[in-house]
Amino acid sequence: PTKQQLLYEGKAKKIYATDEPDVLWVEYKDSATAFNGEKKATIAGKGRLNNEISSLLFLKLREAGIANHFIEKLSPTEQLVRRVTIIPLEVVVRNVVAGSLAKRIGLEEGTPLEAPLVEFYYKNDDLGDPLLLEDHIFILKLASREEIAALKQAALAVNDVLRLHFAERNVRLIDFKLEFGRTADGAILLADEISPDTCRLWDAKTNEKLDKDVFRRDLGSLTEAYEVILQRLGGESACT
Ligand code: C5P
């Protein structure tokens, strides 16, 4: 496919059309944002790291039988994906208490959960991405009851695969966010990205944070942390 007009520019990615109607061209940017865009920075090399890591993880999921939008990596910062219409939900899976869950229910960050927890948030910047109950999703007509059940099941299947994959590489998968979309024929497909921007990843021995909390909480070098994740996943390190 050949790259055509810019369709959408988000906080971390640019999405272009291609000459194939079902295929989009994604370019990962070197920008970092947090707290609904309040904190912003340009971080050289971040686009490459997230593109490489997300490509490896979507390939792993495909091998494990979890259908997703990823087609192929084109360059260090670009990939091809199947076009879907994104469902405006952030599907969060948690294995350990952290972040907004610690704040919401008052358990200490680092407390393991007996079973994975699935939450839905409304992808809506004006509202600040609020937590939704299943009935809210239904009232907002974002998904049917059957689709909500399918999203939850798919999110748990992703967790099973990624939690083990990371554990084998000395990384604890604390929590992560997924987005899903609908294809032209209405099928639900895992989409967006899975990277240290969208996961909490802690070193299995030291519990050192190797994810976007390094940026959110000013804990050190984001690219060094993401580089550790890429290397543990067997990716290529930068040769510049
Ligand atoms: O902030 P919170 O604890 O709810 O985040 C849960 C998980 O979802 C974290 O891994 C975080 O990086 C991810 N997330 C995300 N995009 C958002 C909100 C959360 O990737 N807008």
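Right, let's walk through the structure included here.

Cut-offs applied
- Residues numbered from 1 in each chain as written.
- Predicted model: local features only at pLDDT ≥ 70, side-chain atom pairs only at ≥ 80, totals over all residues.
- Heavy atoms only, no water.
- Axes fitted to C-alpha atoms, helices over the stretch in contact; angles between N-to-C directions.
- Helix = DSSP H or I, 4+ residues; strand = E, 2+ residues; numbered from the N terminus.
- Parallel < 35°, antiparallel > 145°, perpendicular 65-115°, else oblique.
- Left-handed = near helix turned anticlockwise from the far one by under 90°.
- Contact = heavy atoms within 4.5 Å.
- Nonpolar A, V, L, I, M, F, W, Y, C, P; charged D, E, K, R; others polar.

## Focus: the packing of helix 1 (residues 46-63) against helix 4 (residues 145-167)
Orientation of helix 1 relative to helix 4, taken along the N-to-C sense of each, is 120 degrees, at an axis distance of 10 Å. Here helix 1 is positioned oblique relative to helix 4, judged by the angle of their axes. Two packed elements cross with a definite hand, and for helix 1 against helix 4 that hand is right-handed. For the pair formed by helix 1 and helix 4, the contact residues are Leu57, Lys60 and Leu61 on the first element and Val158, Val161, Leu162, His165 and Phe166 on the second. When its residues are assigned to classes, the contact of helix 1 with helix 4 shows 6 nonpolar, 1 polar and 1 charged.

## Overview of the packing of helix 1 against helix 6 (residues 222-232)
Two elements in contact, helix 1 and helix 6, have axes separated by 10 Å at closest approach and are oriented at 25 degrees. By the angle between their directions, the pair helix 1 and helix 6 is classed as roughly parallel. Helix-helix and strand crossings are classified by hand; for helix 1 and helix 6 the assignment is left-handed. Facing helix 1, whose interface residues are Lys46, Arg48, Leu49, Asn50, Glu52, Ile53 and Leu56, helix 6 presents Leu222, Thr223, Tyr226, Glu227, Ile229 and Leu230. A per-class count over the contact of helix 1 with helix 6 returns 7 nonpolar, 2 polar and 4 charged.

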